[in-house]
Amino acid sequence: MRIGILYALLAYIIWGVLPLYIKALQGIAPFEILLHRMVWSLVFLGLILAVRRHWGWLRQAWSSPRLLMGFVASALLLCGNWFLYIWAVSTNRVVDASLGYFINPLFSVLLGVVFLHERLRPGQWLAIAVATAGVAWLTFAAGQLPWIALALAATFGGYGLMRKTAALGTLEGLSLETLLLFPFAAGALAWMAHTGRADFPDASLGTQLLITMAGPVTAVPLLFFAAAARRIPLSLLGLLQYTGPTLQLLLGVWLWHEPFPADKQIGYAMIWVSLAMYAVEGIWAGRRRAPVTVPE
């Protein structure tokens, strides 16, 4: 249990401080960062697979058109999520991006209801209603939908749904996704370099070294997360996941001084209340289902 909690916290802390890494790549366009992330992720994952000599799953993947099409869809959702997040951080919208990952768990619940026919208890519906009211308030206060947060929640929630029903594990699935994205990413980087549109060749040596670290920065927290999921209950994993967006919010407000006015705080508070309601309801329901042991 303790090592599982440690793995989960490491994963969420890395995701929480990811804006620091993206901010350090100033001077390189978000789209180019995305392309490098695809390429270097495959390189890093390929090294892991080579060390483990774990290639047998590739035969299963390539021989199943249905499985391949599923991973094409999940790869596109992951690509969209990565790009939007990189763009948001690069354009000083870290606070807006953090909201997407606060909303994501409840959005994933709704996807489960719609696509997996899961049933919700009244307390869970109430939590979702409060979160919806929070989004409605943010829309009213800003005069527009919080589209960055909603798009991040939608793409990551959709990605989670695709991976939940996929036949491959975390390492194999991410390797296949990056393998499918690699030809596009490598070709685009080659074209940008040939036409002089790439920022990487003119970047400092430190920035160039940093961008080659995109592989482990992407894969390591996912591997930590997968290890944690095997060791601790999903309810505890769900509670710990708010570490990431909380760190992102604190970085945006305290380090980069992004605006966080009172009207926005009200909307965020409503969403935090809904998350607390959902967590407490889940713990309460779990205790009611727990068997009562009678001492002999």
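Note that the structure is a prediction, hence the values are computed from the model and not measured. Think of each chain on its own: its residues are numbered from 1, step by step along the sequence as written. Totals for whole chains, interfaces and linings use every residue, but because this is a predicted model, local features are given only for residues with pLDDT of at least 70 and side-chain atom pairs only at 80 or more, for both listing and counting. Values reported for side chains reflect all heavy atoms of the structure, with hydrogen atoms and water molecules removed beforehand.

Student: Could you give me a rundown of a nonpolar patch on the surface, with the residues and numbers involved?
Tutor: Together, Ile13, Val17, Leu20 and Leu255 give the surface a local cluster of nonpolar side chains, amounting to about 300 Å² of exposed area. Examined against the element boundaries, Ile13 turns out to sit in helix 1 (residues 2-16). Here Ile13 falls in the partly exposed class, since its relative accessible area comes to 38%. Within the patch definition used here, like charges are joined within 9 Å and nonpolar side chains (Val, Leu, Ile, Met, Phe, Trp, Tyr) within 5 Å, considering only residues with over 30% relative accessible area and no salt bridge. For the accessible areas, the method is Shrake-Rupley and the probe is 1.4 Å, while residue cover comes only from the protein chains on display. Salt bridges are defined as contacts in which a side-chain nitrogen from Lys or Arg sits within 4 Å of a carboxyl oxygen from Asp or Glu. Only runs of H or I of at least four residues qualify as helices and only runs of E of at least two qualify as strands under DSSP, and these elements are numbered from the N terminus. Relative accessibility decides the category of a residue: with a 1.4 Å probe and only protein chains considered, values under 20% of the type maximum give buried, values over 50% give exposed, and everything between is partly exposed.

Student: Report on the pattern of salt bridges, specifying residues and quantitative values.
Tutor: In this structure the tally under the stated criterion is four salt bridges. Between Asp96 and Lys264 there is a salt bridge; the shortest N-O distance is 3.1 Å. Taken together, the residues Asp96 in helix 6 (residues 94-115) and Lys264 in helix 14 (residues 262-289) connect sequence positions 168 residues apart. In this structure, Asp96 and Lys264 share a single accessibility class: buried. Residue Glu281 pairs with Arg121 through a salt bridge whose shortest N-O separation is 2.7 Å. Here the residue Glu281 occupies a position in helix 14, and Arg121 occupies one in the loop between helix 6 and helix 7 (122-142), the gap between them amounting to 160 residues. Assessed through its relative accessible area of 11%, Glu281 is described here as buried. The class of Arg121 is partly exposed, set by a relative accessible area of 30%. What emerges from the salt-bridge pattern is a single network uniting Arg93, Asp96 and Lys264.

Student: Break down the packing of helix 5 (residues 65-90) against helix 9 (residues 170-194) for me, citing the residues and quoting the values.
Tutor: Note on method: axes are straight lines fitted to C-alpha atoms, helices fitted across the in-contact stretch only, with angles between N-to-C directions ranging 0 to 180 degrees. Between helix 5 and helix 9, the shortest axis-to-axis distance is 9 Å and the interhelical angle comes to 80°. Judged by the inter-axis angle, helix 5 sits roughly perpendicular to helix 9. Here helix 5 contributes Leu67, Leu68, Phe71, Val72, Ser74, Ala75, Leu78 and Cys79 to the contact with helix 9, which in turn contributes Gly173, Leu174, Leu176, Glu177, Leu180 and Leu181. Residue classes follow a fixed rule: Ala, Val, Leu, Ile, Met, Phe, Trp, Tyr, Cys and Pro count as nonpolar, while Asp, Glu, Lys and Arg count as charged, and any other residue, Gly among them, counts as polar. Of the residues assigned to the contact of helix 5 with helix 9, the class counts are eleven nonpolar, two polar and one charged. To sort the angles, those under 35 degrees are grouped as roughly parallel, those over 145 as roughly antiparallel, those from 65 to 115 as roughly perpendicular, and the leftovers as oblique. Contact definition: two residues touch when any of their heavy atoms are within 4.5 Å.

Student: Talk me through the side chain of Glu177; I want residue IDs and the actual numbers.
Tutor: Residue placement: Glu177 occurs in helix 9. For Glu177, a relative accessible area of 0% puts it in the buried group. Engagement of the side chain of Glu177 in a polar contact is seen with the side chain of Tyr159, the distance being 2.9 Å. For Glu177, the contacting residues outside a window of four places in its chain are Phe71, Ser74, Ala75, Leu78, Tyr159 and Arg163. The term polar contact refers here to a pair of N or O atoms within 3.5 Å; inside protein, the definition further demands a hydrogen-donor-capable atom paired with an acceptor-capable atom, and it admits residues adjacent in sequence only when both atoms are side-chain atoms.

Student: For the nonpolar core, give the residues involved together with the corresponding values.
Tutor: Here, the term nonpolar core denotes a set of buried Ala, Val, Leu, Ile, Met, Phe, Trp, Tyr and Cys residues that are joined through side-chain atoms within 4.5 Å. Counting 50 residues, the largest nonpolar core has Met38, Tyr85 and Leu176 as its most contacted members. Contributing elements (two or more residues each) for this core: helix 2 (18-23), helix 3 (30-52), helix 4 (56-62), helix 5, helix 6, helix 8 (147-164), helix 9 and helix 11 (214-229). Discounting residues that sit within four places of it in the chain, Leu176 has contacts with Trp57, Ala61, Leu67, Leu68, Phe71 and Leu168.

Student: Break down the confidence of the model for the protein for me, citing the residues and quoting the values.
Tutor: Residue-level pLDDT values for the protein average 88, and 96% of them are 70 or greater. How sure the predictor is of each residue is captured by pLDDT, a score from 0 to 100. Of all helices and strands in the protein, the one with the weakest mean pLDDT is helix 12 (residues 234-240) (69), whereas helix 2 scores best (96).

Student: Summarise the side chain of Thr218; cite the residues concerned and give the values.
Tutor: Along the chain, the position of Thr218 falls in helix 11. For Thr218, the side chain forms a polar contact with the main-chain oxygen of Ala214, separated by 2.8 Å. For Thr218, the residues in contact, after removing those within four places along its chain, are Arg37, Ser41 and Trp82.

Student: Can you tell me about the packing of aromatic side chains, naming the residues and giving the values?
Tutor: Pairing of aromatic rings covers Phe, Tyr and Trp, the last counted by its six-membered ring, and requires centre-to-centre distances within 6.5 Å; plane angles under 30 degrees mean stacked, over 60 mean edge-to-face, and any other angle means tilted. Taken as a whole and assessed by the stated rule, the structure comprises 14 aromatic pairs. Seen from their ring centres, Phe102 and Trp272 are 5.8 Å apart, and the 70° between their planes marks the pair as edge-to-face. Of this pair, Phe102 sits in helix 6 while Trp272 is found in helix 14, placing the two residues 170 residues apart along the sequence. For Trp272, a relative accessible area of 32% translates into the label partly exposed.

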